[in-house]
Amino acid sequence: MFVDKAEIFIKSGKGGDGRVSFRREKYVPDGGPDGGDGGKGGSIYALVDSSMRTLMDFRYKRKYSADPGEDGGKKNRFGKDAVDIIFKVPPGTIIRDKETGRVIADLTEHGEKMTLAPGGKGGKGNSHFKNSVRQAPTFAQQGRNGKELTIVLELKMLADVGLVGYPNVGKSTLLSVLTKASPKIANYHFTTLKPNLGVVEVVRGKSFVLADIPGLIEGASEGIGLGHEFLRHVERTKMLVHVVDVSGVEGRNPIVDFDTINEELASYDEKLSKKVQIIAANKTDIIYDEDVFNEFVKEMESRGYKVFPISAATQQGVTELMQYVTQELDHIEDVVLVEIDDHIDFGVEEDKNQEVIYEIKGDVYSVGGVPIDRLVYSTDFTDVESLRRFQNILTKMGVFEELRELGIEDGDTVKIFDFEFDYYE
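All values reported here derive from a predicted model rather than from experimental measurement.

> Can you walk me through a positive patch on the surface in this structure?
Residues Arg19, Lys74, Lys75 and Arg77 make up a contiguous surface patch of positive charge. In this fold, arginine 19 is placed in the loop between β1 (5–11) and β2 (44–48).

Written out as structure tokens, the structure is:
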């Protein structure tokens, strides 16, 4: 089964908690802190595997959750890092954040690897918090949470040239005679049920990838039939070979067919209609009406298109067509499909933003931001000494001074993440 779109949930592992521990050795009655750090939570990666052709695996497994890191141990022993999760995707996979629609990755090369959800950092053990004043810290740092999000995977095939046209115009036949691809071919008015790829080499040393894009129908850009399912595969191609049935056997007007398909391409994405198009006027071996054929060629050439009369069935004119395609590909730049958003936060700490954020709703004053986030993760709210340190750091950061300037009064609530405190001078 060909599957080119999938939606999955991913969650990286939480970092292990730091340990609160003190040396307890014979002849050392007052040993210092020796709590170890927690291990890193498991990360989630996507890896390109050129042996894959579809996203079918994600039909059966739609949740990927990495394990948490191990907690720190006594005697400054570090907790073990959790095992990362790596799932494979075929070349040409675009990954988006479902919530925002922003592009996380555009994966095209075999072996390319992308971090989708970094594992949470392990917390520091209490040995890190010893200083000249605090000789025996009774708190440690908690591990940071992992990142969770729902992502959408879209496969947009990596083909240099796409064959487009109505169903049953001979695209699959043309692909089969040019390459080793074996699409199912029959004389029906429906369509190939999946895109097919093949490698073409008619000029020695110069090959390109040709894709038979399943036949489009009127209304495809609006999702009628299988339109949206396959139009995305046209986006990556450098050039389109528009296959048109010019035989007239079925009474169709090839000019109307040509215009209808191009309207569907433009309706889906205006860029598609601007791609270089070469016309393969197919089924010339069974032309029923020479006038219809001649009128079509005259009209297309007047519009500036290059027309190649061919017969995919007898292979007449096919070599000349592909030689021309090979020549033209040298002059067309690679397609930049998407702009990747390099500023998406996927759980990695952002060192540049050190601003403390304040928000007032009634008598509740919320305090947040990266510095506060880090402070919360290094605080054990069940330990008096850790709470005292938490308050001292807030004071040094100027948080209480800022709250007073914002108009906070005794009895008002200060909310820091999920923790709420009553404010009193």
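Picking up after the structure, the text goes on.
> In this structure, what is going on with helix α8 (residues 384–396)? I would like to understand it.
Helical geometry note: an α-helix holds 3.6 residues per turn, so side chains three or four residues apart project in the same direction. Counted at 1.5 Å a residue, the expected span for α8 with its 13 residues is 18 Å, and the 19 Å between its end C-alpha atoms agrees. Listing the buried residues of α8 in full gives Ser386, Arg389, Phe390 and Leu394. Relative to the axis of α8, the buried residues are bounded by an arc of 135° and lie together on one face. The exposed set on the far side of α8, more than 90 degrees from its buried face, consists of Val384, Arg388 and Lys396. Against the buried residues of α8 lie α7 (370–377), α9 (399–405), β17 (413–416) and β18 (419–422). At the C-terminal side of α8, glycine 398 shows a positive phi close to 80°.

> For this particular structure, what's the right way to read the packing of α7 against α8?
Packed helix pairs are characterised by how far apart their axes lie and by the angle those axes make with each other. Contact geometry for α7 and α8: axes closest at 10 Å, N-to-C directions at 165°. In terms of their interaxial angle, α7 and α8 are classed as roughly antiparallel. Where α7 crosses over α8, the two elements pack in a sense that is right-handed. Mapping the contact onto sequence places Ile372, Leu375 and Val376 in α7 and Arg389, Phe390, Ile393 and Leu394 in α8. Tallied by class, residues from the contact of α7 with α8 come to six nonpolar, no polar and one charged.

> What is the right way to read the side chain of serine 12 from this model?
In this fold, serine 12 is placed in the loop between β1 and β2. Assessed through its relative accessible area of 3%, serine 12 is described here as buried. At a separation of 2.8 Å, a polar atom in the side chain of serine 12 contacts the main-chain carbonyl oxygen of proline 118. A distance of 2.6 Å separates a polar side-chain atom of serine 12 from the backbone nitrogen of lysine 147.

> Help me understand the packing of aromatic side chains in this model?
Where two aromatic rings form a pair, the distance of their centres and the angle of their planes describe that pair. Scanning the entire structure with this criterion turns up six aromatic pairs. Arranged with centres 5.4 Å apart and planes meeting at 80°, the rings of phenylalanine 58 and phenylalanine 87 form a pair that is edge-to-face. Of the two residues, phenylalanine 58 is situated in the loop between β2 and β3 (63–65) and phenylalanine 87 in strand β4 (residues 85–89); the sequence distance between them amounts to 29 residues. Residue classification places phenylalanine 87 among the buried residues on the basis of a relative accessible area of 4%. Between tyrosine 64 and phenylalanine 87, the ring centres sit 5.1 Å apart and the planes meet at 45°, which makes this aromatic pair tilted. Separated by 23 residues along the polypeptide, tyrosine 64 in strand β3 and phenylalanine 87 in strand β4 bring together distant segments of the chain. Using a relative accessible area of 8% as the deciding quantity, one classes tyrosine 64 as buried. Taken together, the aromatic side chains of Phe58, Tyr64 and Phe87 make up a single cluster linked through ring pairs. The ring of tyrosine 166 has arginine 252 sitting right over it, with the charged end atom 4.6 Å from the ring centre.

Rules behind the numbers
- Residues numbered from 1 in each chain as written.
- Predicted model: local features only at pLDDT ≥ 70, side-chain atom pairs only at ≥ 80, totals over all residues.
- Heavy atoms only, no water.
- Patch = residues over 30% accessible without salt bridge, like charges linked within 9 Å, V, L, I, M, F, W, Y side chains within 5 Å.
- Areas by Shrake-Rupley, 256 points an atom, 1.4 Å probe, with all protein chains shown as cover.
- Salt bridge = Lys/Arg side-chain N within 4 Å of Asp/Glu carboxyl O.
- Lys, Arg positive; Asp, Glu negative; His and termini not counted.
- Charge placed at Lys NZ, Arg CZ, Asp CG, Glu CD.
- Helix = DSSP H or I, 4+ residues; strand = E, 2+ residues; numbered from the N terminus.
- Expected span 1.5 Å × (residues − 1).
- Buried < 20%, exposed > 50% of the residue type's maximum accessible area, 1.4 Å probe, protein only.
- Arc of directions from axis to C-beta.
- Contact = heavy atoms within 4.5 Å.
- Axes fitted to C-alpha atoms, helices over the stretch in contact; angles between N-to-C directions.
- Parallel < 35°, antiparallel > 145°, perpendicular 65-115°, else oblique.
- Left-handed = near helix turned anticlockwise from the far one by under 90°.
- Nonpolar A, V, L, I, M, F, W, Y, C, P; charged D, E, K, R; others polar.
- Polar contact = N/O pair within 3.5 Å; in protein donor to acceptor, adjacent residues only side chain to side chain.
- Phe/Tyr/Trp six-rings, centres within 6.5 Å; stacked < 30°, edge-to-face > 60°.
- Lys NZ or Arg CZ within 6 Å of the ring centre and 35° of its normal.

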